[in-house]
Amino acid sequence: TGKTWVVSVPRNISIQFPYSDAQSLEEYFINIFIFVAVIILVIWILFALWYSRRLTKPTLHMVEWLHNLAYGKYEEPLTKRMESKAFKKNGKLKRSYRLFREVNTSLANLTEKLRYNKEMRLRIDEMREEWITGLSHDLKTPLASINGYAQLLVADEQYNWSKEETQKFARTILQKGAYMSELINDLNLTYRLQNDQISLDYEQVELNEFVRRCVISFINDPSHGQHLHFENYQESIYVSIDQALFQRVLENIIANAIKHNEKGTDVWVSILATKEDVFIRVKDNGSGMSEETKINLFQRYYRGTNTEERSCGTGLGMAISKQITQLHGAEINVESEVGKGTTITVSFTSVLHKAS
């Protein structure tokens, strides 16, 4: 018929399981699965703990650090021993924090910068309060003189003041009034400069002649007792500046060199130039400046640290000078050392100069 017949006979097979309590092959594999699952779970927990130490710990540290910065606490969170959590004593990062090296370094720099800015802001606030007090005194003193002389002129109608006496009173009143006007103008000018409310009236100016005129105005007043020297450049140098404002810069620098040094100090005003740059340098061999004075020289309200005599300046002169210089696209720098004099340099770029 073409069919195939298969005859089968049952055969008893004894299957031996590793576990005596196993009833079947299915239970055996279930036990194996549970065992492997437990091993994987233990490994996962251990890995999670390691990863937590590796990742979560520095992350929480950075979050706490940012929280401090957000609330004005400019310092890294410390351990109970008041030590840095992320940095060793030698300044290097600890091993567990190296994964976020750039972030931790940036946070450290940001913290230092914010702390410095806070200190400077407090210092400026303190200087402003001192400046306001000093300015009030500076205004009251000439105002008292003006009121006093005015009362002398009108108080006693029976007394006839001589022409010389009247002129003396008038000169004093004019002098005190001019001083008060200067204080008010300085205050107005610095705020206009700060708020970009001044437009420059540029003119092409021959720098040698411009500086020479400024120096001569001081030489013609020998009452200050300083020795002024002018060194011009061998070629004509033309710069585009606002003459009135830039004259103010130069006069402030020279006046400072005169006012803050002993009589007999030599002050050199010179003009230097390269192919691309030109420099106005005011150098003296006077008493020099401390580091604090150098740092704060161009800050508004700063009047220096000389306690031997009260400064009668507005505390705005050098701040105004820097603002005007920057407005011209120029730079102003100071070099000084106590007992070795001071050098202030104003530098221009892209100037036109030609042989005289």
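The following paragraphs examine the structure supplied in this document. (Residues numbered from 1 in each chain as written. Predicted model: local features only at pLDDT ≥ 70, side-chain atom pairs only at ≥ 80, totals over all residues. Heavy atoms only, no water.)

## Quick word on a nonpolar patch on the surface
Okay, step 1: A surface patch of nonpolar side chains, amounting to about 1000 Å² of accessible area, comprises I30, F33, I34, V38, L41, V42, W44, I45, L46 and L49.
Okay, step 2: Examined against the element boundaries, F33 turns out to sit in helix 1 (residues 25-70).
Okay, step 3: By relative accessible area, F33 is classed as exposed at 61%. (Patch = residues over 30% accessible without salt bridge, like charges linked within 9 Å, V, L, I, M, F, W, Y side chains within 5 Å. Areas by Shrake-Rupley, 256 points an atom, 1.4 Å probe, with all protein chains shown as cover. Salt bridge = Lys/Arg side-chain N within 4 Å of Asp/Glu carboxyl O. Helix = DSSP H or I, 4+ residues; strand = E, 2+ residues; numbered from the N terminus. Buried < 20%, exposed > 50% of the residue type's maximum accessible area, 1.4 Å probe, protein only.)

## What to know about the packing of aromatic side chains
Geometry of an aromatic ring pair is reported as the spacing of the ring centres plus the angle between the planes.
Okay, step 1: If you walk through the whole model with that rule in mind, you get one aromatic pair.
Okay, step 2: Consider the rings of F246 and F348, whose centres lie 5.1 Å apart with planes at 45 degrees: the pair is tilted. With F246 in helix 5 (residues 243-259) and F348 in strand 7 (residues 342-349), this pair connects stretches of sequence that are 102 residues apart.
Okay, step 3: Accessibility expressed as a relative area gives 6% for F348, which makes it buried. (Phe/Tyr/Trp six-rings, centres within 6.5 Å; stacked < 30°, edge-to-face > 60°.)

## Looking at helix 4 (residues 207-219)
Okay, step 1: Taking 1.5 Å of rise per residue, the 13 residues of helix 4 would be expected to cover 18 Å, and the 18 Å separating its terminal C-alpha atoms lies within 8% of that figure.
Okay, step 2: Within helix 4 the residues assigned to the buried category are L207, N208, F210, V211, C214, V215 and F218.
Okay, step 3: Those residues of helix 4 that are buried are in contact with strand 1 (203-206), strand 2 (227-231), strand 3 (236-241), helix 5, strand 4 (266-273) and strand 5 (277-284). (Expected span 1.5 Å × (residues − 1). Contact = heavy atoms within 4.5 Å.)

## Side note on the sheet that holds strand 7
Okay, step 1: Pairing in this open sheet of five strands is mixed, and the strands run 2-4-5-7-6 from one edge to the other. Here the strands that pair on one side only, and so sit at the sheet edges, are strand 2 and strand 6 (331-336). In this sheet, adjacent strand axes meet at a mean angle of 15 degrees when their direction is disregarded.
Okay, step 2: Note: strand 6 against strand 7, six bridges, orientation antiparallel. Paired with V334 across the bridge in strand 7 is I344.
Okay, step 3: Sheet strands touched by helix 4: strand 2, strand 4 and strand 5. Its angle to strand 2, the strand with the most contacts, is close to 170 degrees.
Okay, step 4: Where helix 7 (residues 317-327) meets the sheet, it contacts strand 6 and strand 7, and its direction lies at approximately 140 degrees from that of strand 6. (Pairing = 2+ DSSP bridges. Axes fitted to C-alpha atoms, helices over the stretch in contact; angles between N-to-C directions.)

## Examining the packing of helix 3 (residues 163-194) against helix 7
Okay, step 1: Contact geometry for helix 3 and helix 7: axes closest at 10 Å, N-to-C directions at 35 degrees. As helix 3 packs across helix 7, the resulting crossing turns out to be left-handed. Along its contact with helix 3, which presents D186, L189, T190, L193 and Q194, the element helix 7 presents I320, Q323, I324 and L327.
Okay, step 2: Tallied by class, the residues present in the contact of helix 3 with helix 7 amount to five nonpolar, three polar and one charged. (Left-handed = near helix turned anticlockwise from the far one by under 90°. Nonpolar A, V, L, I, M, F, W, Y, C, P; charged D, E, K, R; others polar.)

## Quick word on the nonpolar core
Okay, step 1: The biggest cluster of nonpolar side chains holds 44 residues, and the ones touching the most others in it are L207, V211 and I254.
Okay, step 2: Discounting residues that sit within four places of it in the chain, I254 has contacts with V215, F218, L228, V269 and V282.
Okay, step 3: In this structure, M62, F87, Y97 and F100 belong to the second largest nonpolar core, which totals 10 residues. (Core = buried A, V, L, I, M, F, W, Y, C linked by side-chain atoms within 4.5 Å.)

## Focus: the environment of K259
Okay, step 1: Residue position: K259 is located in helix 5.
Okay, step 2: Exposure remark for K259: the relative accessible area of 39% places this residue in the partly exposed category.

## Focus: helix 3
Okay, step 1: Counted at 1.5 Å a residue, the expected span for helix 3 with its 32 residues is 46 Å, and the 46 Å between its end C-alpha atoms agrees.
Okay, step 2: Within helix 3, burial applies to F169, T172, M180, L183, D186, L189, T190 and L193.
Okay, step 3: Once helix 3 finishes, D196 follows within two positions and takes phi at roughly 55 degrees, a positive value.

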